[in-house]
Amino acid sequence: MNTNVQTSGIKSGLEGIPAAETALSHVVGAAGELILCGAHLKDFAAAHSFESAAALFWGTAQDEAPMAEEQVRAGLGAARAAAFARLGALLPSFEGLSLSEALRLGLAAVPEEDAPHIAVTGAIPVILAAAARAKEGKAPLAPDASLPHAADFLRMLRGEPASEAEVTALTTYLVTVMDHGMNASTFTARVIASTGAGLTWAALGGFAALTGPLHGGAPEPVLNMLEEVGTPARAESWVAGELEKGERLMGFGHRIYKVRDPRADVLKAALERLSPSGEKLALARAVEEAALAALKRHKPDRPLETNVEFYTAMLLDGLALPRAGFTPVFAMGRVVGWTAHAMEQQRTGRLIRPASLYVGRKPVREEWR
Ligand code: COA
């Protein structure tokens, strides 16, 4: 199927069509820039904790001053505790489900109460950690409300505190992926919010859209790809073989960026700080180099560069997170964007309801039969 075909004057995939006004983020595809609440990604990621970044997104969405970082930290701590209290009834149903399916189920159980954006954001690490531990036959661990969000997630998952370097790396990741213009899951969240449905519904819909391999489901395949390549020496021939078979290289290409995705650089730097001399890093560098050269030859007219998923895969693997949990961990950061966009959309009070072009058969008039 050629996905670039434009049928009946419709821009396929709604490419380049603005669907909302937002003060939350801006992707400048031609320049490879991402602006988050008025700051360039690199500066934003260096300046913010998860909590202060979330406060800024939620404040901007409501056109209000951001809550204090400590207030968000306390709110998220309470939300994690509330999510843990709901776990008992849910845990038996996690059996046989993937981590994404368990998160889908857990998110569906979050009540639409006061501050639903905080409730749903706090719930994700609790559900994910519990579901991952259940797969290893381990009981869930209660959250520690005094810890930062990323630190508590790693502790609940592993059963022991993570190092400062690991918490910093995960925080950088979560803040880096918090929002990204009108991506598919954010658009989904805004459509849901525009109907007047609440923020937890918008977040659940956003997560559903995120799970596809063309959006947030790519990091796991990236890691599988690196494993298949095996050694830097095999990178060139493996990449060429895949493109010959008509396969897409996971972690490359982007709808908006026509140059390198700026998130890839921030995550690569975070990975280099976390494991500066790792063998995997050398393999990733070799695959990236081979892929970029091969893609240039393969599609000379279509710039295909490294996207966020490539180094996401490496970073999350470096944190020893379970591979099947990569998409839910993405959701742990992006949920702030979904809920902020949903609030911003609700403020417009306008239902999103585009038109379609009918290309089906016309009814035949009775007298022509
Ligand atoms: N590897 C090989 N070829 C690729 C490619 C990739 N990663 N990404 C795009 N292409 C090719 C397509 O096959 C298409 O070729 P065609 O014109 O012969 O059909 C052409 O480049 C244009 O691709 P298109 O699907 O129109 O681009 P898009 O803007 O719709 O897609 C992605 C963007 C991200 C969906 C796409 O680049 C992709 O599938 N990447 C791999 C998955 C991935 O990394 N996803 C995470 C995104 S953050």
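Residues numbered from 1 in each chain as written. Predicted model: local features only at pLDDT ≥ 70, side-chain atom pairs only at ≥ 80, totals over all residues. Heavy atoms only, no water.

Once that is clear, we can look at the nonpolar core. Ranked by size, the top nonpolar core spans 109 residues in total, and within it F57, F153, L170, Y173, F310, L321 and V329 carry the most contacts. No other element matches helix 5 (residues 116-135), which puts 12 residues into this core. Per-domain counts for this core show at least three residues from each of domain 1 (25-214 + 325-348) and domain 2 (219-318). (Core = buried A, V, L, I, M, F, W, Y, C linked by side-chain atoms within 4.5 Å. Buried < 20%, exposed > 50% of the residue type's maximum accessible area, 1.4 Å probe, protein only. Helix = DSSP H or I, 4+ residues; strand = E, 2+ residues; numbered from the N terminus. Domains from an automatic or database assignment.)

Interaxial distance between helix 2 (residues 50-61) and helix 15 (residues 326-348) falls to 8 Å at its minimum, and their mutual angle equals 15 degrees. As the angle between them shows, helix 2 and helix 15 are arranged roughly parallel. Helix-helix and strand crossings are classified by hand; for helix 2 and helix 15 the assignment is right-handed. Residue-level contacts link F50, A54, F57, W58, T60 and A61 of helix 2 to M332, G333, V336, T339, A340, M343, E344 and R347 of helix 15. Classifying every residue of the contact of helix 2 with helix 15 by side-chain character gives 9 nonpolar, 3 polar and 2 charged. (Axes fitted to C-alpha atoms, helices over the stretch in contact; angles between N-to-C directions. Parallel < 35°, antiparallel > 145°, perpendicular 65-115°, else oblique. Left-handed = near helix turned anticlockwise from the far one by under 90°. Contact = heavy atoms within 4.5 Å. Nonpolar A, V, L, I, M, F, W, Y, C, P; charged D, E, K, R; others polar.)

Right, let's talk about the packing of helix 9 (residues 199-210) against helix 15 for a bit. Orientation of helix 9 relative to helix 15, taken along the N-to-C sense of each, is 135 degrees, at an axis distance of 8 Å. If you check the angle between helix 9 and helix 15, you find them oblique. Of the two elements, helix 9 crosses helix 15, and the hand of that crossing is right-handed. Facing L199, A202, A203, G206, F207 and L210 of helix 9, the residues of helix 15 in contact are T327, P328, F330, A331, V335, W338, T339, A342, M343 and Q346.

Once that is clear, we can look at the domain arrangement of the protein chain. A common way to report how large an interface is uses the accessible area buried once the components associate. Along its sequence, the protein chain is organised into domain 1 (25-214 + 325-348) and domain 2 (219-318). Here domain 1 and domain 2 have C-alpha centroids that lie 26 Å from each other. The partner domain 2 presents 23 residues to the 24 residues of domain 1 that form the contact. When domain 1 packs against domain 2, close to 1,800 Å² is buried across both sides, 79% of that on carbon and sulfur atoms. Counting the surface domain 1 buries against domain 2, the share from its top three residues, Y173, H180 and F326, is 32%. In this assembly, domain 1 and domain 2 are joined by 3 residue pairs in polar contact (both at pLDDT 80 or more). (Buried area = accessible area lost by both parts, 1.4 Å probe. Polar contact = N/O pair within 3.5 Å; in protein donor to acceptor, adjacent residues only side chain to side chain.)

The tally for this structure, following the rule as stated, stands at 13 salt bridges. Measuring nitrogen to oxygen at the nearest pair gives 3.8 Å for the salt bridge that ties E15 to R255. Of this pair, E15 sits in the segment before strand 1 (25-28) while R255 sits in the loop between helix 11 (235-244) and helix 12 (262-274), and the two are 240 residues apart along the sequence. In this structure, R260 and D265 form a salt bridge, with 2.7 Å as the shortest nitrogen-oxygen distance. (Salt bridge = Lys/Arg side-chain N within 4 Å of Asp/Glu carboxyl O.)

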